[in-house]
Amino acid sequence: QVQLVESGGGLVQAGGSLRLSCAASGRTFGLYDMGWFRQAPGKEREFVAAISSWSGGTTHYADSVKGRFTISRDNAKNTVYLQMSSLKPEDTAVYYCAGARGGLYSSQGNYDYWGQGTQVTVSS
């Protein structure tokens, strides 16, 4: 069982930056591919970014955030991060981290564990 807790959300002006963190419980964090998803008001939850297990040598990004967001992980701290830069009002959403044991990185159904979410609001 893995429990995930996100933090770092908040209110930021367009063009600003935020770093989200997701702390995981348990000693098997390194086994999991980790992903970030987001859900804007009135919209379905969507894939944002993912990082492979262990060394995190493989990352994937949604086209909408490519070049602006960076996902990383620190297995010693059981934490995955999402560095968000050049934020836009359309990035406003609740951001969720999730853990999976392999499979399609962009598929929500592939993820076994989810955090409670952290709100990111970008003002224009």
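Right, let's walk through the structure included here. (Residues numbered from 1 in each chain as written. Predicted model: local features only at pLDDT ≥ 70, side-chain atom pairs only at ≥ 80, totals over all residues. Heavy atoms only, no water.)

1. A look at the environment of S124
Short version of the rule: Numbering of helices and strands runs from the N terminus, with a helix taken as a DSSP run of H or I at least four residues long and a strand as a DSSP run of E at least two residues long. Contacts are residue-level and defined by heavy atoms, with any inter-residue pair within 4.5 Å sufficient.
With respect to the secondary-structure elements, S124 resides in the segment after strand 11 (118-123). In this structure the C-alpha to C-alpha distance between S124 and L87, which are 37 residues apart in sequence, comes to 9.8 Å. Excluding residues that lie within four positions of it along the chain, S124 makes contacts with A14 and P89.

2. Things to note about the side chain of T92
Basically, it comes down to this: Whenever a nitrogen or oxygen atom comes within 3.5 Å of another N or O atom, the pair is scored as a polar contact, on the condition that within protein one atom can donate a hydrogen and the other can accept it, and that pairs from neighbouring residues in sequence are kept only if both atoms are in side chains.
Mapped onto the elements, T92 comes out in the loop between strand 8 (79-84) and strand 9 (93-100). A distance of 2.9 Å separates the side chain of T92 from the backbone oxygen of P89, its partner in a polar contact. Within the local environment of T92, its side chain forms a polar contact with the backbone nitrogen of V122, the two atoms lying 2.9 Å apart. If we ignore the near neighbours within four places in the chain, the residues touching T92 are A40, P41, Q119, V120, T121 and V122.

3. Points about the nonpolar core
Selection criterion: The nonpolar core is taken to be a set of buried Ala, Val, Leu, Ile, Met, Phe, Trp, Tyr and Cys residues, with the residues joined through side-chain atoms within 4.5 Å. A simple rule labels every residue: compare its accessible area, found with a 1.4 Å probe on the protein chains alone, to the largest value its type can have, and call it buried under 20%, exposed over 50%, or partly exposed in between.
If you look at the biggest cluster of nonpolar residues, it comprises 36 residues, and the most contacted ones within it are W36, L82, M84 and Y95. With residues up to four places along the chain from it excluded, the contact list for L82 reads L18, R19, L20, W36, V48, A49, F69, T70, I71 and Y95.

4. A closer look at the pattern of salt bridges
Defined as follows: A pairing counts as a salt bridge when a side-chain nitrogen of Lys or Arg comes within 4 Å of a carboxyl oxygen of Asp or Glu.
According to the stated counting rule, one finds 4 salt bridges in the structure shown. Between K66 and D63 there is a salt bridge whose closest N-O contact spans 3.1 Å. R68 is paired through a salt bridge with D91; the nearest N and O atoms lie 2.8 Å apart. Of this pair, R68 sits in the loop between strand 6 (59-61) and strand 7 (69-74) while D91 sits in the loop between strand 8 and strand 9, and the two are 23 residues apart along the sequence. The pair R68 / D91 is uniform in exposure class, with both members buried. When salt bridges that share partners are traced, they join R38, E46, R68 and D91 into one network.

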